[in-house]
Amino acid sequence: MEHEVFVPVPVDRLREALADPARVARAVPGLQQDAGAEPVAGRLKVRVGSHSITYRGSVRVLGKDDGSYAVEGDAVETRGTGAVKLALTLRLRDTDGGSGATVIFDGTASADGRVTELPQDAVASAVARLLSRFAENLGAAAEEPEAAQEPEAAPEQEAPQAAPGQEAPEAAPEPGSVFETEVPPPSLSHASENPAEPVEPPAEAAHARRTMIGRSAEEVDHAPPRGRYAPVPAPHTAGADSALRWAAPAAALVLASAIVVGRALRRRR
């Protein structure tokens, strides 16, 4: 497999982008990165003709001593058992006097699964389109501006100098910290000038305290509750008291009758 793509970006800028895994990940078209995974790893949907296959895998870009790059990748189908392995060599060549570069892809790829059931021409066209978009996105990532530098501190303003024969103007006082500001004491009309002397509440406060509940705190502590919270008295048993009141005379009458009957029986004998 061989493929060439022209990118209007200098070679040095492309090498900087290839050395950054984050830029390489942004250059892969349609890559959905997995959280916590490698920089160039995730899900990729490949459209081949009227079919689309979703793969999950990773890609690694390694620099070589001769200035080329080794691109290795492997992925598996998310809804199937197919797999793909990629081994490419990426080279950069100056074009247009160094104002542009040509990205050259050369290598092999092996696959099985659903992609083998599709026409070979459609598969080759899909791979060429994927590599072209990768090279274009890599050029766009290489032209991204670098992180903005921190703004320089503003120079300190010098104090105004006085004209000859005049006194120098006083410098404006620096604003103090909030914690250094003095807090004025609270102004209470009934407070005593002597802090050691206890401050008693006015008579109106004591009167209001008694009238709010109707009784003082001491009365509330010792007096039984009233109103809806008063205890319900036990029911009065009038029948039992009246029975006990007539029990003693009845017992005396029975005893006296027994004595009289006993004496009468003795006389008859």
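A few points on the structure. Computed from a prediction, not measured in an experiment: that's the story for all the values here. (Residues numbered from 1 in each chain as written. Predicted model: local features only at pLDDT ≥ 70, side-chain atom pairs only at ≥ 80, totals over all residues. Heavy atoms only, no water.)

Looking only at helices and strands, the protein features six helices and seven strands. If you list the helices and strands of the protein from N to C, you get β-α-α-β-β-β-β-β-β-α-α-α-α. In the protein, buried positions account for 22% of the 269 residues. A separation threshold of at least 6 residues defines the contact pool for the protein, and within that pool the share at least 24 residues apart is 45%. Put simply, the protein shows about 21300 Å² of open surface, and 55% of that area lies on carbon and sulfur atoms. (Helix = DSSP H or I, 4+ residues; strand = E, 2+ residues; numbered from the N terminus. Buried < 20%, exposed > 50% of the residue type's maximum accessible area, 1.4 Å probe, protein only. Contact = heavy atoms within 4.5 Å. Areas by Shrake-Rupley, 256 points an atom, 1.4 Å probe, with all protein chains shown as cover.)

We now examine the nonpolar core. V7, L14, L90, L92, V103, F105 and F134 are the most contacted members of the largest nonpolar core, which totals 36 residues. A total of seven residues in this core trace back to one element, the largest contributor, which is helix α3 (residues 120–142). When near neighbours in sequence (up to four residues on either side) are disregarded, V7 contacts L14, G100, A101, V103, A135 and G139. (Core = buried A, V, L, I, M, F, W, Y, C linked by side-chain atoms within 4.5 Å.)

For the rest of this paragraph, the subject is the pattern of salt bridges. Under the definition given, this model contains three salt bridges. Ionic pairing is found between D20 and R23, a salt bridge with its closest N-O pair at 3.7 Å. Relative accessible area serves as the criterion here: at 28%, D20 is assigned to the partly exposed category. In this structure, the salt-bridge partner of D74 is R60, at a minimum N-O distance of 3.3 Å. In this pair, D74 is assigned in strand β5 (residues 69–77) and R60 in strand β4 (residues 51–63), connecting sequence segments 14 residues apart. (Salt bridge = Lys/Arg side-chain N within 4 Å of Asp/Glu carboxyl O.)

Our focus in this paragraph is the environment of T102. With respect to the element layout, T102 can be found in strand β7 (residues 100–112). Separated by 93 residues in sequence, T102 and V9 place their C-alpha atoms 9.1 Å apart. Within the structure, the side chain of T102 is placed 2.8 Å from the side chain of T95, a separation counted as a polar contact. (Polar contact = N/O pair within 3.5 Å; in protein donor to acceptor, adjacent residues only side chain to side chain.)

Looking now at the sheet that holds β7. The sheet built from seven strands is open, its strands ordered β1-β7-β6-β5-β4-β3-β2 with antiparallel pairing. Only two strands of the sheet have a single partner each, and these edge strands are β1 (2–7) and β2 (32–33). In this structure, β4 lies alongside β5, joined through nine bridges in antiparallel fashion. Looking across to β5, one finds that Y55 is bridged to E77. The sheet contacts of helix α1 (residues 11–18) involve β1, β4, β5, β6 (83–95) and β7, and relative to β6 the element is tilted by about 150°. Packed on one face of the sheet, α3 meets β1, β3 (41–48), β6 and β7 and runs near 30° to β1. (Pairing = 2+ DSSP bridges. Axes fitted to C-alpha atoms, helices over the stretch in contact; angles between N-to-C directions.)

Moving on: the layout of surface pockets. Estimates place the volume of the largest pocket at around 960 Å³. Together, 38 residues line the largest pocket, and V46, V84, L86, V127 and L130 are the ones closest to its centre. Every element with two or more residues in the lining of the largest pocket is listed here: β3, β4, β5, β6, β7 and α3. Broken down by element, the residue count for the lining of the largest pocket peaks at eight residues, all from α3. For the lining of the largest pocket, a count of residues per class yields 30 nonpolar, seven polar and one charged. If you go around the second largest pocket, you meet 13 residues; those closest to its centre are P29, L44, K45, V46 and R47. Counting residues per element, the ones that place at least two in the lining of the second largest pocket are β3 and α3. For the lining of the second largest pocket, the leading source of residues is β3, giving five residues. Per-class residue counts for the lining of the second largest pocket are five nonpolar, three polar and five charged. (1 Å grid on protein atoms, 1.4 Å probe; cavity = no way out; pocket = protein on both sides within 12 Å on 5 of 7 lines; lining within 4 Å. Points joined across faces, edges and corners; volume = space filled by probe spheres on them. Nonpolar A, V, L, I, M, F, W, Y, C, P; charged D, E, K, R; others polar.)

Another point: the side chain of S58. Topologically, S58 is positioned in strand β4. A polar contact is formed between the side chain of S58 and the side chain of R60, at a distance of 3.3 Å. For S58, the contacting residues outside a window of four places in its chain are E38, V40, A41, E72, G73 and D74.

Two faces make up the sheet, and in a regular strand the side chains alternate between them. Bridge count for β2 against β3 is two bridges, and the pairing is antiparallel. By the bridge assignment for β3, Q33 is matched with G42. In the sheet, β3 pairs with β4 via eight bridges, with the strands oriented antiparallel. Pairing of R47 across the sheet is with S52, part of β4. What sits between the antiparallel neighbours β3 and β4 is a turn of two residues, in which G49 has the positive phi angle 65°.

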